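Structural characterization, general
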Amino acid sequence: MPPTGSDPARMNRKKGDKGFESPRPYKLTHQVVCINNINFQRKSVVGFVELTIFPTVANLNRIKLNSKQCRIYRVRINDLEAAFIYNDPTLEVCHSESKQRNLNYFSNAYAAAVSAVDPDAGNGELCIKVPSELWKHVDELKVLKIHINFSLDQPKGGLHFVVPSVEGSMAERGAHVFSCGYQNSTRFWFPCVDSYSELCTWKLEFTVDAAMVAVSNGDLVETVYTHDMRKKTFHYMLTIPTSASNISLAIGPFEILVDPYMHEVTHFCLPQLLPLLKHTTSYLHEVFEFYEEILTCRYPYSCFKTVFIDEAYVEVAAYASMSIFSTNLLHSAMIIDETPLTRRCLAQSLAQQFFGCFISRMSWSDEWVLKGISGYIYGLWMKKTFGVNEYRHWIKEELDRIVAYELKTGGVLLHPIFGGGKEKDNPASHLHFSIKHPHTLSWEYYTMFQCKAHLVMRLIENRISMEFMLQVFNKLLSLASTASSQKFQSHMWSQMLVSTSGFLKSISNVSGKDIQPLIKQWVDQSGVVKFYGSFAFNRKRNVLELEIKQDYTSPGTQKYVGPLKVTVQELDGSFNHTLQIEENSLKHDIPCHSKSRRNKKKKIPLMNGEEVDMDLSAMDADSPLLWIRIDPDMAVLRKVEFEQADFMWQYQLRYERDVVAQQEAISALEKFPTPASRLALTDILEQEQCFYRVRMSACFCLAKIANSMVSTWTGPPAMKSLFTRMFCCKTCPNIVKTNNFMSFQSYFLQKTMPVAMALLRDVHNLCPKEVLTFILDLIKYNDNRKNKFSDNYYRAEMIDALANSVTPAVSVNNEVRTLDNLNPDVRLILEEITRFLNMEKLLPSYRHTITVSCLRAIRVLQKNGHVPSDPSLFKSYAEYGHFVDIRIAALEAVVDYTKVDRSYEELQWLLNMIQNDPVPYVRHKILNMLTKNPPFTKSMESPLCNEALVDQLWKLMNSGAAHDWRLRCGAVDLYVTLFGLSRPSCLPLPELGLVLNLKEKKAVLNPTIIPEAIAGNQEAAVNPSSHAQLVGFQNPFSSSQDEEEIDMDTVHDSQAFISHHLNMLERPSTPGLSKYRPANSRSALIPQHSAGCDGAPTTKPQWNMELPRKGAGKEQPPLEMSLHAAAAAPLSAFSKEPASSKHSDHHHHHHHEHKKKKKKHKHKHKHKHKRDGREKGRAPPAFPSPAGGRSARSPSLSD
């Protein structure tokens, strides 16, 4: 990119042009990442990075980069030592002294902290000072090479180590490590510019044990063994410009499979899973062919790698030229249910290779384009692979999800545009989080955002046609691939970034159509449309009078003006009408074609050209209408509630050939429990050619109808005779045939019917005895010997059926339930469950589906009062070491128990697990389940709601989850569910102490301007930063600026930016001042304590910049600084104990139990340096700062 600011042609470009304006005063062109030591035992990584940058402005003297949780030892620019400051305000969002517990305040503080280090705004956690010797070199805009040595110890995010605790070497144990995270999280494992818009070429080197394999992006150039043959180094080159956020790594003792159909594709899996890998990936080449064909463009990278790993962060993570999958997606040829799901994951990851990895985005507000295009072409793949029915069913499912979510939360905005940061400009004021950054979003919002993005792409396709749509994608790809091959013209690379305006411009150039209204409606504003429809037939005029109302006042809704398609099926055929929905028109007259001629025995033409005989006796004699559908193509993001007579829904179910219409009819028929509805549903169940998902829904609808008609129902229980006819022996109807799942449609029906039948109830609201016997017989006579497919899912569903048949226990004289006086039916159920659970221990099923169903069934028995309610079984199954699906099912039961029994003990157990569980996905999932099924909510009184719980959750979101964005946002979601946005009701009112705080604030703020002359004086050195802290609340680089001429512009900008955000909110208590301040000399160091995970930044600048001045030699400062860092890192939250040695001791104890010798050696160092420091008259580092909650999680000094 040409230099910003210095190029006049660039300045006067009109807004909305596609040109990319870099927020940075330099252009990154190449980056080397070299990790030369990975220790699985200690979970540590040591390495260096080298960034090649070209300054784009003459007076560049500060370079900001992103880096989190890495310990940085030394920074050199063109081989000269460079001073640097490290500060990460997201480590602790609100200072721990602050008694604020209100979420609005937290969300603003969090958004401000994320902005302060946001690479898209040119910020970063690491600020490097360009040595003065290089200033002339920079003014000539010559290249700079920045070399940074770093290490990472026990990372809490970004890299995940899986080290099974079994015998053998690391490779034999299957130990592996992989990069993970949400959105741009690469800064967690090496220093970089962690922005999707800063592209460069890469050289990646990883040295690992000889038994391990390192998989990374780009082409493997060579593998070199060390002299002793104990280690080898993998060298990767990625010549296509790529953002750091799309760089990834996986290291482990992988088995390697070269794809037999496409030799440039390689698959990796953990030991002994090769046969599963072969089967699972055998399909991938077809996905490649499909995408290349529709995009008329080759796959952009020279190779593709799939890696299947354990304890995955998400099921699918796509990075440049490689994707990381969960190993749980692997399956053999015997598994039916997992196959389509895994294929969908493979197809999804490949779609993101084109849009997301190869083509990146200019800014966060353009994310919707990438997610939309990749989701849209993935939908096209689904349509081709699984057929139109599956595709339309999926679109309907996604539409229902986004509509429900927007109506519940108030809307999802695809293209957020932010004004000058004013509070009233906030486009999403209805949410409890900021949408300015991906890292502040609730995870559920982000998944819904992706869902809405691909649905909107489909709306654009409806408007401009698929042909034009694919041409636009092809144009984007061909521009990008031309740009990517320009090796030395890095300013061309911005063609590889997509922006909303550029995308819309392509659309208008290619199609010549104006889609602005559509974009304004769905992209630039949030909300969905809610239609209510009803009709009357006017016989005199032979017109259909349709009334369509809208609700646009509820949260999450918007007003729709524009075309709306209505399909009317009449006796003469099916007719489409397009209505214009105006501001206030409700009534629409639609002329009808056929005078109702019911006497002529004529076939009725359907939408798809079929002609069918219908029994018209049910319909209204005067009207020719069979059924009416509003917006049948789902061309609006909407919810439709339409009223028509029951016979119309029945006709629609039987004869409409669109699966979405059939689904709608089924859900409508639940309200019409009549023999005619029963007959329509039974007919659908028997129709072989009907879509299997529609038949599955019909089962559940039929059960509901049967329960409503229980007093008038005749014949055997619903579906029983049907099941017997389809799946049981002719001679002995209570014995099921040996399993044969060759027909997948009948397989899905066979495993769904019993589950639905178990929901039937008799007049006494109990499950009919014959249904229970029938299900127990199915289990008893189940025979899978001749089947080529596994029946694990089928058996699991039989247990679900048993659970569905359970009804609440009737207690006689409050007797205690024991196993002796169990209800005989329940005893049978319990025996089956126990038998299944025991069998699972000997012969586990695929993905332990049966254990999962058994655990759910036991919880159902507990809730219905048949067995004593007790969480201990679930807690044992939830322990680390079990298969993840089992753990989640067990945890779900514990969450439910916590709610029903109001158990504080179990809630504590869950919170403890959220903080300490080794698997990030499980921690996220527990928070998610607690949010969905909370033990109490803000509107109810509960014994569980107390101050300790508020503090605990606050600490988790404030500092405890600082290295996992998803976890932190999950904690925020739970907090808002439990306590709401304002101060939790269970907290006492703020005490008088606040007033003193305010006074103290004034006292501290007085000495604002301190001349540089007395910079050596302790007070002076300390106060400016405390002043900055209090005003700015969290200033990225506010440590002792005055003495070390830090670029004050940047400091004040970010400071002003943050204080501007926070001063909007009145806050009674001053963050950062409280009883923790024994001496004023410490006040600066307390608020400034982003220490926790990276060594106290406060100590860093002072050491780092002072020592060179005092002539301490060039090589020393980084070393001393890092020693301090190690000492300052681990403060326990409430320590008021100034004895630093104690803390450093605790720290080392924590990390290096097995390195006792080194420990002693380190201590000597520390104390020596501390003395040095005091002699020089600097403020001693304040150890007892409450930077605390993180001692257990702080990386320690690596060897």
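To keep things clear, this report deals only with the structure shown in the data block. (Residues numbered from 1 in each chain as written. Predicted model: local features only at pLDDT ≥ 70, side-chain atom pairs only at ≥ 80, totals over all residues. Heavy atoms only, no water.)

Moving on, we get to the packing of aromatic side chains. The final tally for this structure, using the stated rule, is 47 aromatic pairs. Ring geometry for Y283 versus W381: centroids 6.3 Å apart, planes at 65°, classification edge-to-face. A residue pair is termed long-range when its members are at least 10 positions apart, and Y283 in the loop between α5 (274-281) and α6 (284-295) and W381 in helix α8 (residues 367-386) qualify at 98 residues. Take Y283 and W381: they sit in the same class, and that class is buried. For the ring pair F744 and F789, a centre distance of 5.5 Å and an interplane angle of 70° mean the geometry is edge-to-face. Of the two residues, F744 is situated in helix α19 (residues 744-757) and F789 in the loop between α20 (769-780) and α21 (792-804); the sequence distance between them amounts to 45 residues. (Phe/Tyr/Trp six-rings, centres within 6.5 Å; stacked < 30°, edge-to-face > 60°. Helix = DSSP H or I, 4+ residues; strand = E, 2+ residues; numbered from the N terminus. Buried < 20%, exposed > 50% of the residue type's maximum accessible area, 1.4 Å probe, protein only.)

So, about α20. The terminal C-alpha atoms of α20, which comprises twelve residues, lie 16 Å apart, in line with the 16 Å expected from a rise of 1.5 Å per residue. All buried positions along α20 are accounted for by V771, L772, F774, I775, L776, D777, L778 and I779. Buried residues in α20 make contact with α18 (720-727), α19, α21 and α22 (824-842). (Expected span 1.5 Å × (residues − 1). Contact = heavy atoms within 4.5 Å.)

The subject of this paragraph is the environment of I829. On the secondary structure map, I829 appears in helix α22. On a C-alpha basis, the gap between I829 and L772 in space is 9.0 Å, while along the polypeptide they are 57 residues apart. Ignoring anything within four residues of it in the chain, the contact list for I829 reads L772, L802, S805 and V806.

Its place among the elements puts P23 in the loop between α1 (8-11) and β1 (26-39). Judged by its relative accessible area of 31%, P23 is partly exposed. The spacing of P23 and E198 is 175 residues in sequence and 9.7 Å in space, taken between C-alpha atoms.

Most of strand β25 (residues 562-570) sits inside the fold, with seven of its nine residues counted as buried. Taking the residues between adjacent antiparallel strands as the criterion, β25 and strand β26 (residues 573-581) are bridged by two residues. (Pairing = 2+ DSSP bridges.)

The biggest cluster of nonpolar side chains holds 335 residues, and the ones touching the most others in it are Y291 and F503. No other element matches the 13 residues that helix α10 (residues 443-464) contributes to this core. Beyond its immediate chain neighbours, meaning those up to four positions away, Y291 contacts A347, L350, A351, F354, I377, Y378 and W381. (Core = buried A, V, L, I, M, F, W, Y, C linked by side-chain atoms within 4.5 Å.)

What follows covers the packing of α19 against α21. Running from amino to carboxyl end, α19 crosses α21 at an angle of 20°, the nearest separation of the two axes being 7 Å. The angle between the axes of α19 and α21 places the two elements in the roughly parallel class. As α19 packs across α21, the resulting crossing turns out to be right-handed. Residues Y747, Q750, K751, P754 and V755 of α19 form the contact with α21, whose own contacting residues are Y793, Y794, E797, M798, A801 and N804. (Axes fitted to C-alpha atoms, helices over the stretch in contact; angles between N-to-C directions. Parallel < 35°, antiparallel > 145°, perpendicular 65-115°, else oblique. Left-handed = near helix turned anticlockwise from the far one by under 90°.)

Let us look at the pairing of strand β4 (residues 71-77). Side-chain positions along a regular strand alternate between the two faces of the sheet. Counting buried positions along β4 gives six out of seven residues, so the element sits mostly inside the fold. When β4 meets strand β8 (residues 144-153), the two strands line up antiparallel, connected through six bridges. Residue R74 lies in a different strand from β8, and its bridge partner there is N149. With two bridges connecting them, β4 and strand β5 (residues 80-81) associate as antiparallel partners. Its bridge partner being in β5, R76 is matched across the sheet by E81. Counting the residues that bridge the hairpin from β4 to β5 gives two residues, and of these N78 lies at a positive phi of roughly 45°.

Attention now moves to the sheet that holds β25. If you trace the three strands from one edge of the open sheet to the other, you get β26-β25-β30, paired in antiparallel fashion. Where the open sheet ends on each side, the last strands, each with one partner, are β26 and β30 (625-630). The mean inter-strand angle of the sheet, taken between neighbouring strand axes irrespective of direction, is 20°. One ladder, built from five bridges, connects β25 with β30; its direction is antiparallel.

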